[in-house]
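If you want the building blocks of each chain, they are given just below.
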Amino acid sequence: MPHSVVVVVANGYLVYIDFMNYLGHCNFELVPKLLFDVFPPLKYLMYTPSFHSLHHTHFRSNYSLFMPLYDHLYGTAHKSSDNLYERALQGREEEAPDVVHLTHLTTPASLLRVRLGFASLAAAPSPLASRYCCSVLAAAARPVAALVVALLGRTAFRSEANRLHKLNLETWVVPRYTSQYLVSKKGLRSVWRLVEKAVEDAEASGARVLTLGLLNQSNELNKNGELYVIRKPNLRTKIVDGTSLAAAAVLHMIPQGTTDVLLLGDATKIKMSSVLAKALCQREIQVQIVDKDLYEYLMRQELRPETHKHLLLLSDGIRSSSSSSKVWLVGDKLTGEEQRAAQAGVHFVPYSQFPPDAAVRGDCVYHSTPALVVPDAFENLHACENWLPRRVMSAWRAAGIVHALQGWDDHECGTRVTGVDKAWRAALAHGFRPYDRQP
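Labelled according to an unreviewed UniProt entry, the protein chain appears under the name aldehyde oxygenase (deformylating), originating from Sorghum bicolor. Recorded in UniProt under Sequence similarities (unreviewed entry), the annotation for the protein chain is "Belongs to the sterol desaturase family." Recorded in UniProt under Catalytic activity (unreviewed entry), the annotation for the protein chain is "a long-chain fatty aldehyde + 2 NADPH + O2 + H(+) = a long-chain alkane + formate + 2 NADP(+) + H2O".

This is how it looks when you write it as structure tokens:
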């Protein structure tokens, strides 16, 4: 073969590769439908920008480099490819989210674990200790995290898009770390403005429901989301803090036959503590309480007089001789000293969005934070939610999805509660399943 032919073929191939690469990443659909109408098999021989865009938003599909034939042969072609192509040609806007879950970064290393980071890290649960401890990964991520926070520091960014039946679901991330929610009031006001803007953006996008994850619903920040409803009484997007479903998930982790529990909590988580205490007392389970303020609040406001007999204040704390409970309902502030004070065989059941620091007792049972296994029909859920395994999501996040599926037209924030049993029945009816860490 003449040298000139080889040069032309080689360079022609490189030009073709570059052209197709630019075509696939131009983010604009410019391949005319007439080509596929005249020669239908072309859809298997040539990809389009919309076809390849699904590989970036649903990264376990549409792998083929330029030739979709292989995706169709091996079953990895995304089922919405043709529909997205036609919608892109017609110039339709991207589908608006029905439900937005608003979370935040926990540590600098957590930035690498969101869907936009490293797929291998995002697909594995983050170590429980990473919330407090600096690691090699955290040190390496800190410069990158600082740059991202600087660039995206004024607004929440979308990290994930999912689908369940006809619902479009999105996860938005506030570019702030857990430590920045625990600073001075001035620093907290900065976070408050970010969350409020996210609420406004969710309403502007047409979202029906917004769930507040992690510290985005803290009482100190916004009174479990109620401040946004007070400031905007006609808010169309429903704010859901997920307390009812989270409490239901906790109740279903308590071993059957339990007659009494020890509730460790304080006034900072008054809503979750009170909803749990009320549900337990209605089930005639004795609730032992260490925090005097919480006890007095429940006696004063939350419970019917006939259920008061199920509340017991331990004046001597968790070391009280009157406390023999084998089930401890604990927040994220559970210390090693408190764990060592427990009897052997105690079940530690978290009711907060964050897990306790670390397990120090090998002779006790440590349960998961409140969470649910998603329905089989849930699409594109490949990243883990913090420390939870894949295809398991926090009860607070699931609550917003259930809220939208049910078409409920009320907020669940502040003092408003959907109802523990009502939320649980609805979640199970839509295919969510109970989850707990295997002992």
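Read on for the rest.
(A) Up close: the confidence of the model for the protein chain. Overall, the predicted model of the protein chain reaches an average pLDDT of 85, with 89% of residues at or above 70. Least confident of the elements in the protein chain is helix H7 (residues 136-152), whose mean pLDDT is 57; most confident is helix H16 (residues 420-429), at 98. Here residues 129-134 is a poorly scored stretch, pLDDT under 50, and it has nine contacts once near neighbours within four places are set aside; other chains count.

(B) Seen up close, unusual backbone geometry. Phi at Leu214 is positive, roughly 55 degrees, even though this residue is not glycine. Tracing the backbone through its elements, the reader meets Leu214 in the loop between strand E4 (209-212) and helix H9 (219-222). Of note, Glu284 is a non-glycine position whose phi angle comes to about 60 degrees, a positive value. A relative accessible area of 61% places Glu284 in the exposed class.

(C) Highlighting the pattern of salt bridges. As enumerated under the stated definition, the model contains 15 salt bridges in all. Note that Lys79 is salt-bridged to Glu379, the shortest N-O span being 3.4 Å. Taken together, the residues Lys79 in the loop between helix H4 (69-74) and helix H5 (81-89) and Glu379 in the loop between strand E12 (371-373) and strand E13 (392-394) connect sequence positions 300 residues apart. The exposure class assigned to Glu379 is partly exposed, which follows from its relative accessible area of 22%. A salt bridge links Lys232 to Glu203, with the nearest nitrogen and oxygen atoms 2.4 Å apart. One end of the pair, Lys232, is in the loop between helix H10 (226-231) and strand E5 (238-240); the other, Glu203, is in helix H8 (residues 185-204), with 29 residues separating them in the sequence. Residue classification places Glu203 among the buried positions, given a relative accessible area of 5%. Each of the salt bridges in this network shares a partner with another, and the network as a whole consists of Glu160, Glu385 and Arg397.

The rules behind these values
- Residues numbered from 1 in each chain as written.
- Predicted model: local features only at pLDDT ≥ 70, side-chain atom pairs only at ≥ 80, totals over all residues.
- Heavy atoms only, no water.
- UniProt positions renumbered as here; feature names shortened; annotations may be inferred.
- pLDDT = per-residue confidence, 0-100.
- Helix = DSSP H or I, 4+ residues; strand = E, 2+ residues; numbered from the N terminus.
- Contact = heavy atoms within 4.5 Å.
- Buried < 20%, exposed > 50% of the residue type's maximum accessible area, 1.4 Å probe, protein only.
- Salt bridge = Lys/Arg side-chain N within 4 Å of Asp/Glu carboxyl O.

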